[in-house]
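# A structural walkthrough
Chain by chain, the residues:
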Amino acid sequence: MLRRLRSWSRRRFKRHGNGEGQKGSKDQDQPCPASLPESTSIQKISAVISTSAPQLPATPPTGSADIETSAGTDNTTVHLPAAPATNPTNTETSASADDTTTSLPVRFWEDAYNELKQEEAKLVDAYEKILSRQLQNGSNSMVLESQPNIIAQNNSDRRRQMTQLINAGLAKTEREAKVKESCGEVVDVVLSVKNIISAAIQAAPQAALAWTGICTALEMLANPIKETEANRKGIDYVVKRMDWYWNSSKSLLKPTNISELDGMRGELKIQIVGLYKAFLSYQIKSVCAYYRNRGLAFLRDIVKLDDWNAYLAAIQDAEKRFDTDAKTYIIRKGTSYLEQLVSYIRHQKIQQMSEKDQQCLQHLRLTDPRDDKVRIERTKGGLLQDSYCWVLNNADFQQWRDDPQHRLLWIKGDPGKGKTMLLCGIVDELYSVINELDQGDTANAHHCNVAYFFCQATDSRINNATAVLRGLIYLLIDQQPSILSHVRSEYDRAGEGLFKDANTWDALSRIFTNILRDPSLRTTYLVIDALDECVTTDLPQLLDFIAQQSSSGSRVKWIVSSRNWPQIEEGLEKAADKVKVSLELNAESVAVAVNAFILHKMDDLAGLKKYDPRTKETVQDYLCSNAQDTFLWVALVYQALTDLEVEEWHIEEILHTFPPGLDALYARMKQDISLSRDSDICKDILAITAIVHRPISLDELATLVKLPNIIRNNPKFLEAIIGRCGSFLTLRERTIYFVHQSAKDFLLGNASDKAGNQASQETFKWIFPSGKEDVNYTIFSRSLDAMSTTLQRDIYGLRAPGFSSDRVQVPNPDPLATVRYSCVYWVDHLRDSVSGTNIKRHDRLQDNEVVYKFLNTKYLYWLEALSLLQAMPAGVVAIRKLEGLLTLEGHSRYITSVAFSPDGQRLASGSDDKTIKIWDPASGSCLQTLEGHSDYVTSVAFSPDGQRLASGSDDKTIKIWDPASGSCLQTIITIASPQQSRLKEAETMYQRALEGYEKALGPDYTSTLDTVHNLGLLYQTQGRLMEAEAMYQRALEGKEKALGPDHTSTLNTVNNLGNLYKTQGRLKVSLSTALFGSWL
């Protein structure tokens, strides 16, 4: 072994040497310098390994060294280079050197040596004095305490000199080692028969005593023998391993262009420098041991002051840790390279497309569902396998998966049950299975397609049926480019308008049908999440499409998810052989998944908050007991506990402030906001974010909400005030989102269950005390003010008319940042603010009012801004809507009430001319005139699905109309008539209408108040005067707020209340009410 080590050393010196050194004289045993520490603990080696290394500059390589040894003797001639002068212009690795593969091992060695010199100064100083003796006086000189350290701080020479000294020391002690090895064999033989001899001489006490002494001496003699053997084996291992790491680090830690690996690479650098320090420490200790007085060395080995096996074990443990981390790094680097390769192949695939193909694909892309999936998983805290794996073993899921006849799987459940993450997990599993198939059959790779889409109600890009089809088609083309031909056949005729005009749904559904019928289409899985978050007007056609397509074609399977909505169940009922997975019916499996989620979150929370085991267990038990199988509830409580700064001993008390159930938790969050110091600001922010048409940025929020200047002008304060809005809202890249659609539903009075409905209705009244129309008007008004102040000619400083929008560079800061939302949606909010019977705000549309002044002075600047925002199509639609609002002429008398259909495509108006007209607000044309009332029409309202229109009149009747045909479907008589027997039916209809209006429109909406007023009339007719009075009072208070005290509808209620008082004999009150109306 020693011969091999020396041979290796010669080769290494020959490889690294660059000159001839001076021959030294014969070595003599010298005492160890007094500064050499007596022992170094094993813990220090572990500390060396884990310590980070500073980045120090290298020094130039100079000098050379050779070793000549005479085998079997103690004579060694060492030729060491003289101390060279440092030449900063000729460096192996300069201070400014880049982190390249050639310099990495050098830098690691240098960093390790210099750091070790700082940490174990006495040890390194003793080693350097031994080396100085060789350099200055030759091997026969003594190492004195005052021996100066004349070694030049040249790292290249230091490495060579250390290897020299090690090999010289090995050669110097070789004969001693052989003697010890021979003695060891004798000692081993004697000790092997120790028990036999001890048993034989037990009868002779004197002999036994002498034998005991001999055995003790032999055992003590065995220690130096074993320590010498351990050191020589250890130094051989350390030198070889250091050489291995020297060579492997060049490729292992080679710089990459993958930024996400920088952190792992940095950690590996720290670890490898730590290993180098441990190797150097072992070698330096060995050098000191070789040049120590042999008698002193023998005594040290007897008591094992240098435990070489322990030192080596510590090094090997550190190597195991490094190897584990290095394997992880290599795997991650390989994965990253594969991802880059896939991206490159995809890019090459796109490059191979024609320019027209690429243009078509760009216009088709509205969003990339893959990016949406990544975002969703990130914002929800990552995809946890235990939260979805249960469904893979579910019998219904397996039936859908394995049976070709079952092609539609509907996963349904209440809000917060984890449907979205469940589908994310299923998508991953589908990809995993497909990858296994591809690897097993490379000749026929890509067996299947997987396309998916995540609907999100708060994002107008991905909350409609056409967006769903565009996203699915986009992913299918990415996986099977040949099907692009189906899109091109339509795109070549229509251009970009194919994806933007009023016929987009019909065109896309036709394209998608052709794709699904294409014989070349591979087996395909289509996944659509959150059907309930698709806009109401689009949902029926999307459900019809899914039901129809899933019933034909055996190569396509569908998975959809939604809440437990009857409308969705009815729409999917047409699908043949569908399979349902109800989360409520699988409560046990969902509970297990939620508990796994809780355990995962608790590990994070306990680590973040430094909880002791008891506190962790307390929080964990409370979450498991109250989660009610709802992931969202757990996530909200986790977030609240994360944000709380509270002493650990108060945690149990705090926990009980989080009630079980999602709506109950929302109610508690609302209560906390209402009691906070910033209650009014938070209420305004929640109101605005609940009714805007897309998520808004912090800059846009500052425009739409009245905020104190100190908050408006400070981004940090803006972010903080969003944090004060409970956990209803969250910030992502300075854009405000609802934490979940159910949170928005709760604020709008549409709680997910009956138990939470009352709290939800109260929250709606708190946020919208004057109805949503009032908030819409606020948004419209503030938008118009902001645009009037901000918009100007050539706002981006382009200077050249006709500048291509593709070349526009957004300035920093962006002058349009605060009005981006306002430019696109101000007309929508104006329209929504004049819905219902709130005719007063129609005044804003008159000449010389704010809209007229804005268009007269800023119209061209507004169009310029829309162009810069790539929103010109939306601007065209806005102009048509505005034109419809301004030019609806046809009634012969006052208009008393207007109402937009839920999809905004139709407008109904009621008038004192006793008619109802239905308009197209885009064109301004009258579609229908509904006649039948014999007196003023006081109110009109569409049903939530837009299929029915109700009208109320002073002729004491309510009529239900079919707005499409104009036919009257039903007339409800509200007071005494020959049909008195139907009063009970009338009351039932009123009550049903009232509940529907309250849920759909809110308790203070004018249509709701008209129904309340009509109920008062009915109760008065029936003689239920106290109930009638209560209804009139409620209607009067609401109308005064919504319409004003002088509006005809308000005065009608005053008049009826006066008649009621007259009937009751309260003539004085009746007269006062009739004379002074709402002043009372």
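Before reading further, recall that the structure is shown in the block above.
For the structure given in this document, a descriptive report is provided here. (Residues numbered from 1 in each chain as written. Predicted model: local features only at pLDDT ≥ 70, side-chain atom pairs only at ≥ 80, totals over all residues. Heavy atoms only, no water.)

So, about the packing of aromatic side chains. Scanning the entire structure with this criterion turns up 22 aromatic pairs. Centroid distance Phe 764 to Phe 768: 5.1 Å. Interplanar angle 45 degrees. Geometry classified as tilted. Both residues of the pair, Phe 764 and Phe 768, belong to the buried class. Plain terms: the ring middles of Tyr 777 and Phe 780 are 5.7 Å apart, the flat faces sit at 55 degrees to each other, and that makes the pair tilted. Of this pair, Tyr 777 and Phe 780 are both found in helix 32 (residues 772-790), three residues apart, which corresponds to roughly one turn of the helix. This pair shows no difference in class: Tyr 777 is buried, exactly as Phe 780 is. Through pairs of rings, three or more aromatic residues link up here, namely Tyr 777, Phe 780, Trp 826, Phe 854, Tyr 859 and Trp 862. Of note, Arg 241 hangs over the ring of Trp 244, and the distance from its end group to the ring centre comes to 4.8 Å. Looking at Lys 557, its charged tip hangs above the ring of Trp 400, at a distance of 5.4 Å from the centre. (Phe/Tyr/Trp six-rings, centres within 6.5 Å; stacked < 30°, edge-to-face > 60°. Buried < 20%, exposed > 50% of the residue type's maximum accessible area, 1.4 Å probe, protein only. Helix = DSSP H or I, 4+ residues; strand = E, 2+ residues; numbered from the N terminus. Lys NZ or Arg CZ within 6 Å of the ring centre and 35° of its normal.)

Our next topic: the nonpolar core. In terms of nonpolar packing, the biggest core is built from 170 residues, with Phe 512, Trp 558, Trp 633, Phe 728 and Trp 826 touching the most fellow members. At 10 residues, helix 16 (residues 465-479) tops the list of elements feeding residues into this core. Discounting chain neighbours no more than four positions away, the residues touching Phe 512 are Leu 469, Leu 472, Ile 473, Leu 476, Leu 526, Phe 545 and Trp 558. (Core = buried A, V, L, I, M, F, W, Y, C linked by side-chain atoms within 4.5 Å. Contact = heavy atoms within 4.5 Å.)

This part takes up the sheet that holds strand 11 (residues 907-911). Spatially, the four strands line up as an open sheet ordered 10-11-12-13, and their pairing is antiparallel. Of all the strands in the sheet, the pair left with one neighbour each is strand 10 (895-900) and strand 13 (926-931). When the angles between neighbouring strand axes are averaged without regard to direction, this sheet yields 20 degrees. (Pairing = 2+ DSSP bridges. Axes fitted to C-alpha atoms, helices over the stretch in contact; angles between N-to-C directions.)

Attention shifts here to the sheet that holds strand 17 (residues 968-973). Strand pairs in the sheet, formed through backbone hydrogen bonds, run parallel or antiparallel to each other. Read from one edge to the other, the open sheet built from four strands follows the order 14-15-16-17, with strand pairing classed as antiparallel. The open sheet has two edge strands with one neighbour each: strand 14 (937-942) and strand 17. Direction aside, the axes of adjacent strands within the sheet are offset by 15 degrees on average.

Our next topic: the packing of helix 32 against helix 34 (residues 850-868). Interaxial distance between helix 32 and helix 34 falls to 10 Å at its minimum, and their mutual angle equals 45 degrees. Here helix 32 is positioned oblique relative to helix 34, judged by the angle of their axes. Note that helix 32 runs across helix 34; the crossing there is left-handed. For the pair helix 32 and helix 34, contact is made by Phe 780, Leu 784, Met 787 and Ser 788 and by Val 850, Val 851, Phe 854, Lys 858 and Trp 862, respectively. When grouped by side-chain class, the residues that make up the contact of helix 32 with helix 34 number seven nonpolar, one polar and one charged. (Parallel < 35°, antiparallel > 145°, perpendicular 65-115°, else oblique. Left-handed = near helix turned anticlockwise from the far one by under 90°. Nonpolar A, V, L, I, M, F, W, Y, C, P; charged D, E, K, R; others polar.)

All right, on to the pattern of salt bridges then. All told, the structure shown has 33 salt bridges when counted by the stated rule. A salt bridge links Asp 372 to Arg 375; the shortest N-O distance between them is 3.3 Å. Separated by three residues within a single helix, Asp 372 and Arg 375 lie in helix 13 (residues 369-379), roughly one turn from each other. The partner of Asp 544 in a salt bridge is Lys 574, and the shortest N-O contact between them spans 2.7 Å. Within this pair, whereas Asp 544 is found in helix 19 (residues 539-550), its partner Lys 574 is found in the loop between helix 20 (566-572) and strand 7 (578-582), the two being separated by 30 residues in sequence. For Asp 544, a relative accessible area of 35% corresponds to the partly exposed category. On the basis of relative accessible area, Lys 574 is assigned to the exposed category, the value being 58%. (Salt bridge = Lys/Arg side-chain N within 4 Å of Asp/Glu carboxyl O.)

Position of Leu 662 among the secondary structure elements: in helix 25 (residues 662-674). Leu 662 sits in the buried class, given a relative accessible area of 9%. Not counting residues within four places of it along the chain, the set of residues in contact with Leu 662 comprises Pro 415, Thr 630, Leu 632, Trp 633, Leu 636 and Ser 742.

What follows deals with the environment of Glu 719. Relative to the assigned elements, Glu 719 resides in helix 29 (residues 715-723). A residue is classified by how much of its surface remains accessible, and Glu 719, at 39% relative accessible area, is partly exposed. For the pair Glu 719 and Thr 730, spaced 11 residues apart in the sequence, the C-alpha separation amounts to 9.6 Å. In this structure Glu 719 touches Leu 698, Leu 731 and Arg 734, once residues within four positions along its chain are discounted.

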